[in-house]
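Structural features, examined
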Amino acid sequence: MVFKKMLSAFGVGGPSVDTVLTNPNTRPGLTLDGQVNLVGGDSPAAIEQVVIGLVTRVEVEGHDTEYAGTMEFHRMAVSGPLQLAPKQQVSIPFQLPVPWETPITDVYGQRLHGMTMGLRTELALARAVDKSDLDQVAVHPLPVHERILEAFQRLGFRFKHADLERGHIRGVQQTLPFYQEIEFFASPQYSSTIREVELTFVTSQRGVEVILECDKRGGFLSAGHDAFGRYQVSHADVDRVDWAQVVDGWLRETTSRYGNLRTQGFGPGHGHSRGRGMGMGGMVAGAALGVAGGMIAGEMIEDAFEGDAGEDFGGFDE
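Description of the structure in this document. Keep in mind the model is a prediction, meaning the values are calculated, not measured.

Here we take up the overall build of the protein chain. Across its full length, the protein chain holds three helices and 20 strands. Evaluated residue by residue, the protein chain yields a buried proportion of 49% over its 318 residues. Put simply, of all contacts in the protein chain between residues at least 6 apart along the chain, 65% involve residues at least 24 apart. In the form shown here, the protein chain has an accessible surface area of approximately 15100 Å², with 51% of it arising from carbon and sulfur atoms.

The following block contains the structure:
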C-alpha cells in the first residue's frame, strides 16, 4: 500500500485526462467546443482544478539573443475541485472563446509554414504529479483576412514564412503579448522597389489594423531600408472594395512616403530597435494618409514594434 501511494505520487496509476474537440477548426472571435474526459486511477484522487489554454510558439528577442518558446496566451478553468473515485469516468463540456487577436495558422486548408497552435488541458491534482493533454488547433482567417491575403496572391506575391514575435505595436490597442508576421516575397511588378513584405493583422470585433513592413531596395545613391504603413479596415468592408487595388495602393503609399516624412518631427530616438537592425523597430516617420476606398488609411509609423524580451516558456512539439 505504501509503495502504491508512492507510485501514485509520481503519476503512476493515477487519473488520466483526454480532451476531445468537437471541431479543431475555428476563427478569431469564434469558440472552440469540446469536452474534457477524466478517468479515475487505481485510488481516489482529489482534483483541485481543470484548466484549458491556448498555446503557441513565439519568437523572443533580447540582449542580442533570439529563441523560440511556448507561450500560453488564453486560459479558462472548466472545473473547480472534485473527487474522482477509482476508475470513475467524468466528462466536462466546455466552450472556449477564441480571442479576436488569435493568429492565423491555416489558409485554404494548409498550415502556414512556421505556425503552430494547440489547446492544452491541465489537470491539477492534490499531492500528486499534474496531468496534461495537448490537442492541435487550426485557426482560419476571417473574411477580411482572406480578402487581403487573396489580394497579395493576385498581385503576384509568394508566401515565404509566418511567425509570432513577442512585443507590442506602438499606437495599436493590442491585448495579446505578441504579434504575427506573415512574410511574402515581392512579385515581379514590385521587385524593382521591394524585396519582401511582412503583413501583420491586429483584429478586434470592430475591424482589423493592417501593418505593412516593406523591405525596400536601395537606389544608385541610396541604401535600402524598411518602410512601414498602418491601415484600418472594417469587417463590413469585405465585399465593398477591390482588395487588389486597395493593397496595391497601400504598398505604393507605404514605399513612397518614407523619404519626405522625416521632417515632421518623428526622427530617431522615438523608441528602440529590436535586434534586427532596421526591422519592425526601425526609425520610420509618421503622417496621416487620409481616407481611401471607404477605409481609413492609417499612418506611416516609426518604431512600429517595440521588442519585449521574456522568459523561456519551454518546448512545443509541432
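What follows picks up the thread again.
The subject of this paragraph is helix H2 (residues 143-154). With twelve residues, H2 ought to run about 16 Å at 1.5 Å a step, and its terminal C-alpha atoms sit 16 Å apart, in line with that. Within the sequence span of H2, burial applies to Val144, His145, Ile148, Leu149, Ala151 and Phe152. Seen along its axis, H2 keeps its buried residues to an arc of 150°; they face one direction. Seen from the buried face of H2, the exposed residues on the opposite side, beyond 90 degrees, are Gln153 and Arg154.

All right, on to unusual backbone geometry then. Positioned with a positive phi, Lys87 is a non-glycine residue whose angle comes to about 65°. In this structure, Lys87 sits in the loop between strand S6 (82-84) and strand S7 (89-97). Although it is not a glycine, Tyr108 adopts a positive phi angle of roughly 55°. For Tyr108, the location among the structural elements is in the loop between strand S8 (106-107) and strand S9 (110-111).

Ile148, Phe152, Leu199 and Trp250 are the most contacted members of the largest nonpolar core, which has 63 residues in total. Setting aside anything within four residues of it in sequence, one finds Trp250 in contact with Ile148, Val210, Leu212, Tyr231, Val233 and Trp243. Residues Ile169, Tyr179, Val202 and Ile211 belong to the second largest nonpolar core, which totals five residues.

Looking now at the environment of Trp243. Tracing the sequence through the fold places Trp243 in helix H3 (residues 243-257). Judged by its relative accessible area of 4%, Trp243 is buried. Residues Trp243 and Ala151, 92 residues apart in the sequence, show an inter-C-alpha distance of 5.6 Å.

This next bit is on the sheet that holds strand S3 (residues 31-39). Where strands meet in a sheet, backbone hydrogen bonds hold them as pairs that are either parallel or antiparallel. Ordered by their spatial adjacency, three strands build an open sheet running S1-S3-S7, and the pairing between neighbours is antiparallel. The open sheet has two edge strands with one neighbour each: strand S1 (16-21) and S7. Each strand axis lies, on average, 25° off the axis of its neighbour in the sheet, ignoring direction. Where S1 lies against S3, six bridges are found, and the strand directions are antiparallel. Considered in S3, the bridge of Thr19 is made with Val36.

With that settled, the discussion passes to the packing of aromatic side chains. Evaluated as defined, the whole model comprises eight aromatic pairs. Judged by centre distance (5.4 Å) and plane angle (90°), the rings of Phe73 and Phe178 are edge-to-face. Taken together, the residues Phe73 in strand S5 (residues 65-79) and Phe178 in strand S14 (residues 178-185) connect sequence positions 105 residues apart. As far as the burial class goes, Phe73 and Phe178 line up, both buried. Grouping aromatic residues by their ring pairs yields a cluster made of Phe152, Phe157, Phe159, Phe184 and Tyr190.

Take the pattern of salt bridges next. Overall, the coordinates contain 15 salt bridges when judged by the stated rule. We note a salt bridge from Arg27 to Glu146, for which the minimum N-O separation is 3.7 Å. Taken together, the residues Arg27 in the loop between strand S2 (25-26) and S3 and Glu146 in helix H2 connect sequence positions 119 residues apart. The partner of Arg147 in a salt bridge is Asp239, and the shortest N-O contact between them spans 2.9 Å. Placement of Arg147 in helix H2 and of Asp239 in the loop between strand S17 (225-234) and H3 is noted, with a sequence separation of 92 residues between them. Overlapping salt bridges, with partners in common, bring together Glu72, Arg75, Arg120 and Glu122 in one network.

Parameters at a glance
- Residue numbers run consecutively from 1 along every chain, following the written order of its sequence.
- Whole-chain, interface and lining totals are the exception, using all residues; otherwise, since this is a predicted model, local features are given only for residues with pLDDT of at least 70 and side-chain atom pairs are given and counted only at 80 or more.
- Side-chain numbers come from the whole structure's heavy atoms, not from hydrogens or water.
- What counts as a helix is a DSSP run of H or I of at least four residues, what counts as a strand is a run of E of at least two, and both are numbered from the N terminus.
- Only protein chains enter the accessibility calculation, which uses a 1.4 Å probe. A residue is then buried if its area is under 20% of the maximum for its type, exposed if over 50%, and partly exposed in between.
- The criterion used for residue contact is that any of the two residues' heavy atoms lie within 4.5 Å.
- Surface accessibility in these figures is a Shrake-Rupley result with a 1.4 Å probe; residues are shielded only by whichever protein chains are displayed.
- To estimate how far a helix should reach, multiply one less than its number of residues by 1.5 Å.
- Note: the arc covers the axis-to-C-beta directions of the helix.
- In plain words, nonpolar cores are sets of buried Ala, Val, Leu, Ile, Met, Phe, Trp, Tyr and Cys residues tied together by side-chain atoms within 4.5 Å.
- In this scheme, strands are said to pair when DSSP sees at least two bridges between them.
- Angles here are taken between N-to-C directions and fall from 0 to 180 degrees, while the axes themselves are lines fitted to C-alpha atoms, restricted in helices to the stretch in contact.
- The rule is short: rings of Phe, Tyr and Trp, with Trp giving its six-membered ring, pair when the centres are within 6.5 Å, and they are stacked under 30 degrees, edge-to-face over 60, tilted in between.
- Take a side-chain nitrogen of Lys or Arg and a carboxyl oxygen of Asp or Glu: if they are within 4 Å of each other, that pair is a salt bridge.

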